[in-house]
Amino acid sequence: MRLVNRQPERGARFLLMLLPFIVLVGVYFFGSTARLAGNPDDKLLPSASQMVAAIHHAALEEDGRSGEYILWADSAASLKRLGLGLAVAALLGLAMGTVTGVFPLARATFSPFMTALAMIPPLAVLPILFIVFGLDELSKVMLIVIGITPVLARDIEQRAREIPPEILIKAQTLGANSWTLVLRVVLPQLLSRLLLSLRLMLGSAWLFLISAEAISATAGLGYRIFLVRRYLAMDTILPYVIWITLLAWLMDFALKGANRLLFPWSEGART
Amino acid sequence: MSFIEIDNVWQEYGHHVVLERLSLNIAEGEFCTLVGASGCGKSTFLRLMLGQERPSRGRILLAGKALPGEPDPGRGVVFQRYSVFPHLNALDNVAIGLELPRAPVLGRLFGAKKRAAREEARQLLEKVGLGHNLDQYPAQLSGGMQQRLAIAQAFIMRPRVLLLDEPFGALDPGIRKDMHALLLTLWQETGLTVFMVTHDLAEGFNLGTRLLVFDKTRNDPQAPNAYGARVTYDIPLNADRQVARARIADIAALQPD
């Protein structure tokens, strides 16, 4: 049988899915054991027990200096910035994308402008943000907003333009004015696309968050891993990276679920 | 004076002439079927009637007044595809036509008004045979059911003109026959004027009271776009149907409300 026609069976599919993870973990601990056998003080590939101890210290013990549970305080700080940034970016992107997507006059005015803005590398304006908005929360949230909004807006505009003109004409023959056309026909369809775009932008949002935290912060997941980097504390960095990955995956999963729950028509409509 | 007057209408896109010297008078209540080869301006003509495009030359009068230059509730439309809103279930797809004109700010009604709109929509959906599919989204409906929904959507507005752009082109022959019966019933009851583009000549002959054939009368092989199409045949059909319909209207007029 040709390779393109060979399908894994159910059980095999599950095992195949786990395989790369198992290999990765296996290779890591093989290397870790070998290095620690050569030098018990090696910091590069910490053992499982060292990482568990570090997590225990970060998550379940009060920090001596601040009296907080570091991991949870860091997570709360980061998620607050991320959530705020994503929410603002989603609102702005949806509004701008819808307006430019639906109204030809707005498209002629703002669409090329937005395309140009989207070309600016967001990290290049980070110094400006720090200067203008200070080193506090605002500049970090702004970096996410500035990084995500133009891409979201362009994506939403594209989706709005993909709505068949027949639909817009039909709405007008049913008595819609420009505003109710957007409100009842265009926006509901775009909201579903917005959730999808947000899922795709999650990676970039985390990138901007961690970058901003690395440079200036007093708490946050990105701040922590860059702080402990000075002590080569891989036993803290690795669990933090896994934790960030898990959070990102959970957010993706939640957005996917929300789309299915809120817009039951969207899954079937794509066929 | 006739209901719709088309007076020396031309439609050109740059050097591409699609329609030329088109003049027609259409009486109210006529069922016009438009046939002709592909690219002969049938759909262009429909877009002109819809207000989606404006003629390059000439004018179109509707009941003595210039045709509005953009789509409005007075002219209903059913396209071959994408006629219904994918994000609304069947009931709301029809009820939205009652909500939009009455709610210019929010686009939706609430409370008793909303219930009344939905009830009216439900009755119409039952009439077109979708009484059991009120909660379903268009993606869950078959092609024929989607077109029934689109027709119900158009009729809820009680338009004076209905424009159909190959509405049954994608349907099976059997289902198409059911749709013809449905359309004729609704047409006979409402007295509206219909323009229907079709590729199916038999459909054109069976349904219409007037068959309009679009074709080019002049052709330059060196410049195929230099001349546009005109109506080359204008054939009155099914006179009995119009008489029957007039009688229905008379009887309806005699009945006390």
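Rules used throughout
- Residues numbered from 1 in each chain as written.
- Chains lettered and ligands numbered in written order.
- Predicted model: local features only at pLDDT ≥ 70, side-chain atom pairs only at ≥ 80, totals over all residues.
- Heavy atoms only, no water.
- Helix = DSSP H or I, 4+ residues; strand = E, 2+ residues; numbered from the N terminus.
- Rg over C-alpha atoms; globule rule 2.2 N^0.38 Å.
- Buried < 20%, exposed > 50% of the residue type's maximum accessible area, 1.4 Å probe, protein only.
- Contact = heavy atoms within 4.5 Å.
- Areas by Shrake-Rupley, 256 points an atom, 1.4 Å probe, with all protein chains shown as cover.
- Lys, Arg positive; Asp, Glu negative; His and termini not counted.
- Charge placed at Lys NZ, Arg CZ, Asp CG, Glu CD.
- Arc of directions from axis to C-beta.
- Salt bridge = Lys/Arg side-chain N within 4 Å of Asp/Glu carboxyl O.
- Pairing = 2+ DSSP bridges.
- Buried area = accessible area lost by both parts, 1.4 Å probe.
- Polar contact = N/O pair within 3.5 Å; in protein donor to acceptor, adjacent residues only side chain to side chain.
- Axes fitted to C-alpha atoms, helices over the stretch in contact; angles between N-to-C directions.
- Parallel < 35°, antiparallel > 145°, perpendicular 65-115°, else oblique.
- Left-handed = near helix turned anticlockwise from the far one by under 90°.
- Domains from an automatic or database assignment.
- Expected span 1.5 Å × (residues − 1).
- Bend = angle between axes of the 7 residues up to and from the residue.
- Phe/Tyr/Trp six-rings, centres within 6.5 Å; stacked < 30°, edge-to-face > 60°.

Describing the overall build of chain A
So, point 1. In terms of regular secondary structure, chain A is built from 11 helices and 0 strands.
So, point 2. Secondary structure elements of chain A occur, N-terminal to C-terminal, as α-α-α-α-α-α-α-α-α-α-α.
So, point 3. A globule of 271 residues ought to have a C-alpha radius of gyration of about 18 Å, yet chain A, at 24 Å, is considerably larger.
So, point 4. The 271 residues of chain A split such that 41% are buried.
So, point 5. Taking contacts inside chain A between residues at least 6 apart in sequence as the whole, the part at least 24 apart equals 67%.
So, point 6. Summed over its atoms, the accessible surface of chain A is roughly 15400 Å², and 70% of this surface lies on carbon and sulfur atoms.
So, point 7. Seen as two clouds, the 24 positive and the 18 negative side-chain charges of chain A have centres 10 Å apart.

Thoughts on helix H5 (residues 126-133) of chain A
Residue and element names in this part refer to chain A.
So, point 1. All of the buried residues along H5 are Leu-126, Leu-129 and Phe-130. Angularly, the buried residues of H5 cover 100° about the axis, an arc narrow enough to put them on a single face. Across H5 from its buried face, at more than 90 degrees, point the exposed residues Ile-131 and Val-132.
So, point 2. Next to the buried residues of H5 lie helix H6 (137-162) and helix H8 (178-215).
So, point 3. Just beyond H5, the residue with positive phi is Gly-134, at close to 80°.

Overview of the pattern of salt bridges
So, point 1. Applying the stated criterion across every chain, the model contains 25 salt bridges over all chains.
So, point 2. A salt bridge links Arg-122 of chain B to Glu-126 of chain B; the nearest nitrogen and oxygen atoms lie 2.6 Å apart. On the criterion of helical spacing, the pair formed by Arg-122 of chain B and Glu-126 of chain B is a turn pair, its members being 4 residues apart in helix H3 (residues 111-127).
So, point 3. Arg-122 of chain B gets classed as partly exposed once you look at its relative accessible area, which sits at 25%.
So, point 4. The network of salt bridges with shared partners includes Arg-81, Glu-137 and Glu-213 of chain A.

Topic: the pairing of strand S9 (residues 210-216) of chain B
Residue and element names in this part refer to chain B.
So, point 1. Counting buried positions over the 7 residues of S9 gives 5, a clear majority of the element.
So, point 2. Of the strand pairs in this sheet, strand S3 (residues 31-36) and S9 are connected by 5 bridges, and their pairing is parallel. Bridge assignment links Leu-34 to a residue of S9, and that residue is Leu-212.
So, point 3. Here 7 bridges tie S9 to strand S10 (residues 229-236), and the two strands are oriented antiparallel to one another. Bridging across to S10, Phe-214 finds its partner in Val-231.

Comments concerning the environment of Gly-101 of chain A
Residues and elements named next belong to chain A.
So, point 1. Along the chain, Gly-101 turns up in helix H3 (residues 70-102).
So, point 2. Measuring from C-alpha to C-alpha, the distance between Gly-101 and Asp-63 comes to 51 Å, with 38 residues separating the pair along the chain.
So, point 3. Excluding its chain neighbours within four sequence positions, the residues that come into contact with Gly-101 are Arg-107, Glu-157, Ala-160 and Arg-161.

Some thoughts on the interface of chain B and chain A
So, point 1. In this assembly, 35 residues from chain B lie in contact with 23 residues from chain A.
So, point 2. Considering only the side of chain B, the residues that lose the most area to chain A are Phe-85, His-87 and Leu-100 of chain B, jointly responsible for 25% of the buried surface there.
So, point 3. Applying the counting rule to chain B against chain A returns 1 salt bridge.
So, point 4. Ionic pairing is found between Glu-99 of chain B and Arg-184 of chain A, a salt bridge with its closest N-O pair at 2.8 Å.
So, point 5. Applying the counting rule to chain B against chain A returns 9 residue pairs in polar contact (both at pLDDT 80 or more).
So, point 6. For the side of chain B that touches chain A, the element with the most residues is helix H2 (residues 90-102) of chain B, which contributes 5 residues.

Structural notes on the packing of helix H9 (residues 221-228) of chain A against helix H10 (residues 234-262) of chain A
All names here are of chain A.
So, point 1. At their nearest, the axes of H9 and H10 sit 9 Å apart, and the two run at 160° to each other. By the criterion of interaxial angle, the relationship of H9 to H10 is roughly antiparallel. Seen along the crossing, H9 lies across H10 with a hand that is left-handed. Across from Leu-221, Arg-224, Ile-225 and Val-228 in H9, the residues of H10 making contact are Thr-236, Ile-237, Tyr-240, Trp-243, Ile-244 and Leu-247.

Some remarks on the domain arrangement of chain A
So, point 1. One can read the domain layout of chain A as domain 1 (3-45) and domain 2 (59-269).
So, point 2. One C-alpha centre belongs to domain 1 of chain A, the other to domain 2 of chain A; they are set 33 Å apart.

What about helix H4 (residues 104-119) of chain A?
Residues and elements named next belong to chain A.
So, point 1. Helix length check: H4, at 16 residues, gives a terminal C-alpha distance of 23 Å against a target of 22 Å (1.5 Å per residue), a fit within 8%.
So, point 2. At Phe-110, H4 shows its largest bend, some 40°, and a proline, Pro-112, comes one to four positions later.
So, point 3. Listed in full, the buried residues belonging to H4 are Ala-106, Ser-111 and Met-114.
So, point 4. Next to the buried residues of H4 lie H3 and H6.

Quick look at the packing of aromatic side chains
So, point 1. According to the stated counting rule, one finds 7 aromatic pairs over all chains in the structure shown.
So, point 2. Judged by centre distance (5.8 Å) and plane angle (85°), the rings of Trp-72 of chain A and Trp-243 of chain A are edge-to-face. Here Trp-72 of chain A, found in helix H3, pairs with Trp-243 of chain A, found in helix H10; they are 171 residues apart in sequence, far enough to count as distant.
So, point 3. On the accessibility criterion, Trp-72 of chain A (43% relative accessible area) is partly exposed.
So, point 4. A ring pair is formed by Phe-45 of chain B and Phe-195 of chain B, whose centres lie 5.8 Å apart and whose planes are at 65°; its orientation type is edge-to-face. Placement of the pair is Phe-45 of chain B in helix H1 (residues 42-50) and Phe-195 of chain B in strand S8 (residues 193-197), with a sequence separation of 150 residues. Exposure class is identical for Phe-45 of chain B and Phe-195 of chain B. Each is buried.

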